[in-house]
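For reference, the chains in residue letters:
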Amino acid sequence: MTRKIDAVILLLQVYFVVMNVTVERLYCRSELREGFLVRETLAFCAKYNPLFLARPPWMVMATCVSSYAFAPGYVLIAYAAVFQRWRRDATWILLFLGAKLNALIFYHIMEFTSDTPPRHLVPYFAVEGPYLLSIALVLTRVGWGERNARQQEKQL
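As for the pattern of salt bridges
Counting across every chain of the model gives 3 salt bridges. As a salt-bridge pair, Arg 3 and Asp 6 come within 3.2 Å of each other at their nearest N and O atoms. Of this pair, Arg 3 and Asp 6 are both found in helix α1 (residues 2–29), 3 residues apart, which corresponds to roughly one turn of the helix. Relative accessible area serves as the criterion here: at 46%, Arg 3 is assigned to the partly exposed category. Since its relative accessible area comes to 3%, Asp 6 is described here as buried.

Some details on the packing of aromatic side chains
Aromatic rings in a pair are described by how distant their centres are and how their planes are angled relative to each other. All told, the structure shown has 14 aromatic pairs when counted by the stated rule. Aromatic side chains Tyr 15 and Phe 16 sit 5.6 Å apart centroid to centroid with 55° between the ring planes, which places their arrangement in the tilted category. Residue classification places Phe 16 among the buried residues on the basis of a relative accessible area of 1%. Measuring from ring centre to ring centre gives 4.0 Å for Tyr 27 and Phe 52, while their planes differ by 15°; the resulting arrangement is stacked. Placement of the pair is Tyr 27 in helix α1 and Phe 52 in helix α3 (residues 50–54), with a sequence separation of 25 residues. What makes Phe 52 buried here is its relative accessible area of 11%. Among the aromatic residues, those joined into a ring-pair cluster are Tyr 15, Phe 16, Phe 70, Tyr 74, Phe 96 and Tyr 131. Across from the ring centre of Tyr 27, 4.6 Å away, lies the NZ or CZ of Arg 55, which sits over that ring.

A few points about the confidence of the model for the chain
Here the chain shows a mean pLDDT of 91. Residues at 70 or above account for 92%. Put simply, helix α7 (residues 121–155) is where the chain has its lowest mean pLDDT, 83, and helix α5 (residues 71–83) is where it has its highest, 97.

Some words on α1
What sets the pattern is the α-helix's 3.6 residues per turn: residues three or four places apart point alike. Taking 1.5 Å of rise per residue, the 28 residues of α1 would be expected to cover 40 Å, and the 39 Å separating its terminal C-alpha atoms lies within 8% of that figure. At Asn 20, α1 shows its largest bend, some 40°.

A closer look at the environment of Tyr 27
Judged by its relative accessible area of 1%, Tyr 27 falls in the buried class. Sequence-wise, Tyr 27 and Ser 67 are 40 residues apart; in three dimensions their C-alpha atoms are separated by 9.3 Å. Non-local contacts of Tyr 27, meaning those with residues more than four positions away in its chain, are made with Leu 32, Phe 52, Arg 55, Met 59, Val 60 and Thr 63.

Some details on the packing of α1 against α5
Between α1 and α5, the least distance of the axes is 9 Å, while the angle of their chain directions is 155°. By the angle class used here, α1 and α5 are roughly antiparallel. Between α1 and α5 lies a crossing whose hand is left-handed. Residues Arg 3, Asp 6, Ile 9, Leu 10, Gln 13, Phe 16, Val 17 and Asn 20 of α1 lie in contact with α5, whose contacting residues are Ala 71, Tyr 74, Val 75, Ile 77, Ala 78, Ala 81 and Val 82.

Overview of the side chain of Thr 41
Assignment of secondary structure puts Thr 41 in helix α2 (residues 38–48). Residue class for Thr 41 comes out buried when judged on its relative accessible area of 12%. Looking at Thr 41, its side chain comes within polar contact range of the main-chain oxygen of Leu 37, at 2.7 Å. Ignoring any residue separated from it by four or fewer positions in sequence, one finds Thr 41 in contact with Met 19, Val 23, Leu 32 and Phe 52.

Description of the environment of Glu 24
Summarising the element assignment, Glu 24 is placed in helix α1. The spacing of Glu 24 and Pro 56 is 32 residues in sequence and 14 Å in space, taken between C-alpha atoms. If we skip the residues at most four places from it in the chain, Glu 24 touches Met 19, Thr 63, Ser 66, Ser 67 and Tyr 131.

Cut-offs used in this document
- Residues numbered from 1 in each chain as written.
- Predicted model: local features only at pLDDT ≥ 70, side-chain atom pairs only at ≥ 80, totals over all residues.
- Heavy atoms only, no water.
- Salt bridge = Lys/Arg side-chain N within 4 Å of Asp/Glu carboxyl O.
- Helix = DSSP H or I, 4+ residues; strand = E, 2+ residues; numbered from the N terminus.
- Buried < 20%, exposed > 50% of the residue type's maximum accessible area, 1.4 Å probe, protein only.
- Phe/Tyr/Trp six-rings, centres within 6.5 Å; stacked < 30°, edge-to-face > 60°.
- Lys NZ or Arg CZ within 6 Å of the ring centre and 35° of its normal.
- pLDDT = per-residue confidence, 0-100.
- Expected span 1.5 Å × (residues − 1).
- Bend = angle between axes of the 7 residues up to and from the residue.
- Contact = heavy atoms within 4.5 Å.
- Axes fitted to C-alpha atoms, helices over the stretch in contact; angles between N-to-C directions.
- Parallel < 35°, antiparallel > 145°, perpendicular 65-115°, else oblique.
- Left-handed = near helix turned anticlockwise from the far one by under 90°.
- Polar contact = N/O pair within 3.5 Å; in protein donor to acceptor, adjacent residues only side chain to side chain.

Laid out in structure tokens, this is it:
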């Protein structure tokens, strides 16, 4: 069961890194015009997340931070999922998850209190939800790794 969860975690981290190095970096540099996944992002945001297209300064800054600072955290989690390093890398993973959760809370507060909050919650959270799901799954794996390690120590 844990390997299946690790596979889901790995796929999510790959998705996050792809978004970091494509749409987010382009958004950080200037308005989205062309590039991988840009047309899809523009169409989605026009219907479901107009604030992203409005480019308020805080969102540009938050996207830049996400694009450049969070990619290494996603890679670390992917590495832990592939090589079963949950216990060994738990401190760094938990520090990253704290930063990511803080960013998500800030982002959603700003998003929902803006003049243009998301219009339809199901599509909005279909895109944003994987970040929350990933945090929950990774916390579960870090916890399982610790629990399994304690059980193995008792057996010795």
